[in-house]
Structure formats: structure tokens, C-alpha cells
Amino acid sequence: MSLAQKVLMLIVLFWALMFDQFAHAAPTQGFLTPITARNEPKHKDTFGRDTPRSAVQGFMQAIGDGDVVLATHYLDGRYLSSMKQDDAKKIVGRFKKALDAGGRLDADLQISGDSLGNLSDNLPADLDKVGEIHLMNAHIDILMVRHESADGAVYWQFAKQTLANLPHITKSTPTLAENMGLDKLNHHRIFGVNVGDIMALALLVVGAYVVIYVLVWLMYWLAKMIYQGLMGGKYRITPTVIMPLAIIIVAMLLPQIMLPMGVPVNLRTSFGRFKDVIAWGATAWLVLRLIDALFGRAEALSIKHNHPEQVSILSLLRKIAKALMLILAVIIILGNLGFDLTTGMAALGVSGLALAFSAQKTIENLIGSVVVVADRPVRVGDYCRFGNLEGTVIDIGIRSSRIRTLNRTVVTVPNGEFSSMQIENYAKRDMFHFLHQLYIARDADADELGRMIRELQMFISSHDYVNNEWTQVHIIEMRQDCFVVQIRCYIDALGVIEFYGKQSELILDILNQLKNYQVSHALPTQTVHVQSD
């Protein structure tokens, strides 16, 4: 089995294992389905509090809509059971003020979407941590507790441990919209968020981006000048990386900026998912730019060092790397948007497995191309023997290689087969083998024959065309009609044409030397005996 076939078999096995894993884990839903709990309870909760994630989302929606009564249903009922309705509403207000002033909720994907919660967080099985509150010297974990109703419905609420330790904030922290004078627009709402808060956040994001973009631009040109001053060469990183890099830095800094700037918690939570999508998109954009720069540099070096056969393979690898990066970015972005890709990955596993089998030869040839270029048994312009053919390599493509034979015809060989052949590369040899035989008639005197062999040995050893690698003149066979004398040596030559010229001259010199000895060449003869009666 060739190396290309082995690699193909590993790919097929990988897809098969991936499919097997996802087939056991995937729910029977559509390709892209909203994330739901893996352990479904018998009954659904009326308020959608089936998982810690859905409970957090429901609470944020309620306080965003200003529905305090609805928000109380997301707080620990056992803790509020002894309170009056107004006191319960006050707890909601205190909780919102604490979240606005110093609360940080985990990203949606970090909060469990399972009805049983996160069982690997070293907390009791009925508790899940979904964030933290930092106010002055106070540090409060935002915990959620799991309850079960009489009819078997599982629901999650913010735990008593968090609600009981909420600080008393007598004065609300001014919001970013109030500081910018945009709070007058807050009587209008979009998707449950005040328009003034949205406008204020938009101005904050734009301002942060402008500042970061200028700083990144200055750092880029400063690094370019330092590099050119010290190294004296061309700066290979292009300015196209400035914009995506600035976006990534802004996305990383925004969570740290929004809280002290007074962005309300409901807007921070809603904006967080959008921010993550933009950040991952910019990351994919930056990686694609770096892939282009890296492979562009590699292709330029291949051309510079006279390896044109590598350019097509590098182009293929560039496309594969960019496709994988885009697929990864799409998967992560869809995950941040709240979709479960388990079933989709299982479907991709089946499709990939079917594709691997149906396009086995094509994939084998592509892998063979990589093997031929990486192992480099031949290069374009090399004269080689492969199988029962020989000729000059004129092209190494993505799917096949082409060889021009001595008859001036062009043979196209799939790279999957070419990489598994025994290839004899004549262009790689450092010297040429001279191997010829003399057939001396049997009537030659033994002493004269011995003298001839000794003096021929000295002659070829001192010849201008022959090196010292291996020179030998000896009798290899004694036949009925002749002695077979073998002459072996190596000739230095830059190519086969030069070798053939030197070989002819050396043969003529050897024939002239034979005139000095009383020997004769054994010629093909036929003896006929005639007998008469």
C-alpha cells in the first residue's frame, strides 16, 4: 500500500470515528437547531426556566421589558415565599442595580444548557455559577439553584445565597446614556432595549475603535521602520492586518470598558453575543490574511529556488487552509448565536465519509502530489526511470505528473501511482558508471593476457576522464571460445551527453592500447564439419 493510500485510509477512518461519536451524541433534530437540554424533564416549565441558560435569558428579557413581576419568578421562590409582593419587587430592583454597578454574567455558551446544569463545576449538583458581582470590597458569586415542581418540571432560579448577600445601593449608577445626555431617547425601545442606551453604546464602540485603530496603525508603522532599520529587508506583513487586528482588540477591551462606563446589564448581555460574533469574524479575517502572506512568501521562495513544482501544491494547501478556517469560523459563530451543531457535525461526518469513498482516487492523487513535492524524488527537468518508462519530467501538477519520453511523447502519470513507483533519478547522480567487456580469443597466451590486464588497470586508473571511485579490470568468465574481461570505472560528467562523449573517447583509447598485445578479439564464428562417405 502506497503512502498516499495510507493517508487516505487514515482520513476515512477519522471521519468514521467522528461520525460514530456524533451519532451517539447527536439528538434527532435538524441540521442547525437551538441549543436545548440533553436531559429533558417530563414537563416543561411555564416560564422557560428549564436550564440555567434559559433562566438567565428569561430574567434579562424581563428586566429589559421592565416587567418586575415576571422577573420575580426567576428568583428563588423559597427565599421570596415569606416576603410580600412589594418586597420581592425590591429584591429585583436591588439585583438589577447590583448587576448594573458591578455584575458580570458569563457568556451564553459558558452557561449550561442542560436541565441538570453543569455537574463538573465542583459545586453541589443543584447549584450553578453563572457570573460574579464586584462592588467595592464585596465579591458575590451569582448562583442558580435547581428546583422541581410537584408535576416533575425542573426549573432554575437565582439562588438565595446570591440574593441574600446583595448590597444596598441607595443611588443608581449613572448610565452611559445619562452621561452622554442621550437618556431622553429612552422612552423608545428596540428589542426590549432603550434607544438611548443603544446610541450611547454605539458611540462608545465607534470611539474605542477609532482610538485602537490609530494606535495599531502607529504600532504597525513603528514596527516596520524598526525592522527595516535593523534587518534592512522588506517588511513582509502588509497593512491589511491593521483593521481586523483593531477589531479583535476592541472586542477584547469592550467587556472591561462597558461596566465602568455605565452600560446597563441587559444591554451588555445582549451586546455580548453580537460582540463575540464580530470578534470571531475578525479573527477569521486576520488568519486568512496571514495565510495569504505565509503561502505567498513560500511560493515566492519556491520560484526563487527553482522549485516551480511546489507552487501548485502550495496553492492547493492555501485553499484547503482557508476553507478549514472559514468552516471553523462559521461553526464558532453559529455556536455563539445559540445553535447546536452536534447534528450538523454528524451530517458532515457522513457526507465526508461518503465523499472520501466516492473521490478516493482524486484524494489519493492529491495526497500523492503532496508526497511527491515533499519527498522530492524528482524535480521538473530531471531525467528519470519509472516503471518500464524513462524520460524528462516536464510538470508536476496537483493531480498528475507529465514525463517526456525519449520518443518525444508525453506520458501522464497520476501522482497517486507516481508516488508509489520505484523512481530512478538520473539527474541526482554525481558520476557515471563505465562498464564494458572485452572478449579475447582463447588462443591468447596466459602471460600475455595477464600483462594486458595489469597494464589496462594502470591505464584507466590514470586516465583524465576517470576518477578514483572504483577502477578495476578483471576476468569475469572463461568461455569455450573466449575470455571475458570486464572494465569498470566511474567518469565525472555534468550530464548524460557529456558522459556519452567521454565514454566514446575512453573506449577508443582502450582499443588503441590493445594493439600493444598479442591478443585478438573473439568474433562470433560457426564451424561446419563435412564428412563424405
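Preceding block: the structure.
What comes next concerns the included structure. (Residues numbered from 1 in each chain as written. Predicted model: local features only at pLDDT ≥ 70, side-chain atom pairs only at ≥ 80, totals over all residues. Heavy atoms only, no water.)

1. Re the nonpolar core
Soluble globular proteins: nonpolar side chains tend toward being buried together.
Phase 1: Counting 30 residues, the largest nonpolar core has Phe-59, Leu-75, Phe-95, Ile-133, Phe-158 and Leu-163 as the members making the most contacts within it.
Phase 2: At the level of elements, α2 (52-64), α4 (77-80), α5 (85-102), β3 (127-135), β4 (138-148) and β5 (154-158) are the ones that each hand at least two residues to this core.
Phase 3: With residues up to four places along the chain from it excluded, the contact list for Leu-75 reads Phe-59, Leu-80, Ile-91, Val-92, Phe-95, Gln-157, Phe-158 and Leu-163.
Phase 4: Ala-444, Phe-483, Leu-514 and Tyr-517 belong to the second-largest nonpolar core, a separate cluster that totals 25 residues. (Core = buried A, V, L, I, M, F, W, Y, C linked by side-chain atoms within 4.5 Å. Buried < 20%, exposed > 50% of the residue type's maximum accessible area, 1.4 Å probe, protein only. Helix = DSSP H or I, 4+ residues; strand = E, 2+ residues; numbered from the N terminus. Contact = heavy atoms within 4.5 Å.)

2. Here's the deal with the layout of surface pockets
Rolled over the atoms, a probe with the dimensions of a water molecule shows which regions are left empty.
Phase 1: Within this model, the second largest pocket holds a volume of roughly 560 Å³.
Phase 2: Forming the walls of the second largest pocket are 24 residues, and the residues nearest its centre are Leu-105, Asp-106, Ala-107, Pro-255 and Gly-272. (1 Å grid on protein atoms, 1.4 Å probe; cavity = no way out; pocket = protein on both sides within 12 Å on 5 of 7 lines; lining within 4 Å. Points joined across faces, edges and corners; volume = space filled by probe spheres on them.)

3. Re the sheet that holds strand β2 (residues 103-105)
Phase 1: Strand order in the open sheet made by the four strands is β2-β3-β4-β5, with antiparallel pairing throughout. This sheet does not close on itself; its edge strands, each paired only once, are β2 and β5. On average, each strand axis in the sheet is tilted by 25° relative to the strand beside it, whichever way the strands run.
Phase 2: Looking at chain direction, β4 and β5 are connected through five bridges and run antiparallel. By the bridge assignment for β5, Arg-146 is matched with Trp-156.
Phase 3: Most of the contacts of α5 go to β3, to which it runs at about 65°, and overall it touches β2, β3, β4 and β5. (Pairing = 2+ DSSP bridges. Axes fitted to C-alpha atoms, helices over the stretch in contact; angles between N-to-C directions.)

4. Observations concerning a nonpolar patch on the surface
Phase 1: Residues Val-206, Val-210, Val-211, Val-214, Leu-215, Trp-217 and Leu-218 make up a contiguous nonpolar surface patch of about 620 Å² in total accessible area.
Phase 2: The topology assignment puts Val-211 in helix α8 (residues 195-231). (Patch = residues over 30% accessible without salt bridge, like charges linked within 9 Å, V, L, I, M, F, W, Y side chains within 5 Å. Areas by Shrake-Rupley, 256 points an atom, 1.4 Å probe, with all protein chains shown as cover. Salt bridge = Lys/Arg side-chain N within 4 Å of Asp/Glu carboxyl O.)

5. Section: the pairing of strand β10 (residues 389-396)
Put simply, side chains in a regular strand alternate between the two faces of the sheet.
Phase 1: Sheet analysis places strand β9 (residues 383-386) next to β10, joined by four bridges and oriented antiparallel. The partner of Arg-385 across the bridge, within β10, is Glu-390.
Phase 2: Hairpin connection between β9 and β10: a loop of two residues separates the two successive antiparallel strands, and Gly-387 in this loop has a positive phi of roughly 60°.

6. Points about the pattern of salt bridges
Phase 1: Summed over all chains, the structure comprises 14 salt bridges.
Phase 2: The residue Glu-448 makes a salt bridge to Arg-451 at a minimum N-O spacing of 2.7 Å. Of this pair, Glu-448 and Arg-451 both sit in helix α15 (residues 446-461), three residues apart, which is roughly one turn of that helix.
Phase 3: Given a relative accessible area of 29%, Arg-451 falls into the partly exposed group.
Phase 4: Residue Lys-502 pairs with Glu-498 through a salt bridge whose shortest N-O separation is 3.0 Å.

7. Quick look at the packing of aromatic side chains
In this description, an aromatic ring pair is defined by two values, namely the gap between the centres and the angle between the planes.
Phase 1: Enumeration according to the criterion identifies nine aromatic pairs in this entry.
Phase 2: Ring centres of Tyr-209 and Tyr-213 lie 5.8 Å apart, and the angle between their planes is 40°; this geometry places the pair in the tilted category. Of this pair, Tyr-209 and Tyr-213 both sit in helix α8, separated by four residues, roughly a single helical turn.
Phase 3: With a relative accessible area of 29%, Tyr-213 lands in the partly exposed category.
Phase 4: Judged by centre distance (4.8 Å) and plane angle (15°), the rings of Phe-432 and Phe-499 are stacked. Taken together, the positions of Phe-432 in strand β14 (residues 432-441) and Phe-499 in helix α16 (residues 496-514) put the pair 67 residues apart, joining distant regions of the chain.
Phase 5: Given the relative accessible area of 6%, Phe-499 is considered buried.
Phase 6: Ring-pair connections join several aromatic residues into one group, and the members of that group are Phe-59, Phe-95 and Phe-158.
Phase 7: Between Arg-442 and the ring centre of Phe-483, over which it is positioned, the NZ or CZ distance is 5.1 Å.
Phase 8: Lying across the ring of Trp-470, Arg-488 places its NZ or CZ 4.4 Å from the centre. (Phe/Tyr/Trp six-rings, centres within 6.5 Å; stacked < 30°, edge-to-face > 60°. Lys NZ or Arg CZ within 6 Å of the ring centre and 35° of its normal.)

8. Here's the deal with the sheet that holds β14
Phase 1: Here we have three strands laid out as an open sheet, ordered β14-β16-β15, and antiparallel in their pairing. Pairing within the sheet leaves two strands with one partner each, and these edge strands are β14 and β15 (472-478). For this sheet, the mean angle separating the axes of adjacent strands, direction not counted, is 25°.
Phase 2: Against the sheet, α15 contacts β14, β15 and β16 (482-491), and its axis sits at roughly 145° relative to β15.
Phase 3: Each of β14 and β16 is contacted by α16, which is oriented at about 25° to β14, the strand it contacts most.

9. Remarks on the pairing of β3
Phase 1: Sheet analysis places β2 next to β3, joined by three bridges and oriented antiparallel. Paired with Leu-105 across the bridge in β3 is Gly-131.
Phase 2: Inspection of the sheet shows β3 paired to β4 by eight bridges, in the antiparallel sense. Directly across from His-134, in β4, lies its bridge partner His-139.
Phase 3: The hairpin formed by β3 and β4 contains two residues between the paired strands, and Met-136 there has a positive phi angle of roughly 55°.

10. Quick notes on helix α9 (residues 242-261)
Phase 1: An ideal rise of 1.5 Å per residue puts 28 Å on 20 residues; α9 measures up with 26 Å between its terminal C-alpha atoms.
Phase 2: At Leu-254, α9 shows its maximal kink, close to 45°; a proline, Pro-255, follows between one and four residues later.
Phase 3: Among the residues of α9, Ile-242, Pro-244, Ala-246, Ile-248, Val-250, Ala-251, Leu-254, Met-258 and Leu-259 are the ones counted as buried.
Phase 4: Against the buried residues of α9 lie α5, β2, α8 and α10 (265-304).
Phase 5: Phi turns positive one or two residues past the end of α9, at Gly-262, with a value near 90°. (Expected span 1.5 Å × (residues − 1). Bend = angle between axes of the 7 residues up to and from the residue.)

11. What about the packing of α2 against α10?
When two helices pack together, you describe them by how their axes are tilted relative to each other and by the distance separating the axes.
Phase 1: One way to put it is that α2 packs onto α10 with a least axis distance of 9 Å and a crossing angle of 130°. Accordingly, the angle class assigned to the pair α2 and α10 is oblique. Taken as a pair, α2 and α10 cross one another with a handedness that is left-handed. Residues Gln-57, Met-60, Ile-63 and Gly-64 of α2 pack against Val-265, Asn-266, Thr-269 and Arg-273 of α10.
Phase 2: Its residues placed into classes, the contact of α2 with α10 shows three nonpolar, four polar and one charged. (Parallel < 35°, antiparallel > 145°, perpendicular 65-115°, else oblique. Left-handed = near helix turned anticlockwise from the far one by under 90°. Nonpolar A, V, L, I, M, F, W, Y, C, P; charged D, E, K, R; others polar.)

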